[in-house]
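Structure assessment
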Amino acid sequence: MRRKIFFSTLLLLMFNVALLYAQDPGQPCGGNDVDNNGCPLDTWVILLAFVAIVIAAWHLNNKRKATLVVPQNL
């Protein structure tokens, strides 16, 4: 029974991926790109990656600081 559920879920996910990556051979992004660079997200990928790195570093730094705090009342 678990095999059937696993393979059914896998098949469903693979089918969805095939539908999501299907692209219209016409204009990318439906012609809504004001920069004429393909898609609007293409021009902001570097900024998006930089923001993700900054947020990850901030989160890990806060996590490291929280583990360094040792209670004094033991």
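Residues numbered from 1 in each chain as written. Predicted model: local features only at pLDDT ≥ 70, side-chain atom pairs only at ≥ 80, totals over all residues. Heavy atoms only, no water.

1. Re the overall build of the protein chain
Counting its secondary structure elements, the protein chain contains two helices and zero strands. Residues classed as buried in the protein chain amount to 1% of the 74 residues present. (Helix = DSSP H or I, 4+ residues; strand = E, 2+ residues; numbered from the N terminus. Buried < 20%, exposed > 50% of the residue type's maximum accessible area, 1.4 Å probe, protein only.)

2. Here we look at a nonpolar patch on the surface
A cluster of nonpolar side chains, namely Trp44, Leu47, Phe50, Val51, Val54 and Ile55, defines an oily patch on the protein surface of about 600 Å² accessible area. Relative to the helices and strands, Val51 resides in helix 2 (residues 45-68). Overall, Val51 belongs to the partly exposed group, its relative accessible area being 38%. (Patch = residues over 30% accessible without salt bridge, like charges linked within 9 Å, V, L, I, M, F, W, Y side chains within 5 Å. Areas by Shrake-Rupley, 256 points an atom, 1.4 Å probe, with all protein chains shown as cover. Salt bridge = Lys/Arg side-chain N within 4 Å of Asp/Glu carboxyl O.)

Honestly, that's just the spatial picture; any functional story needs more than this.
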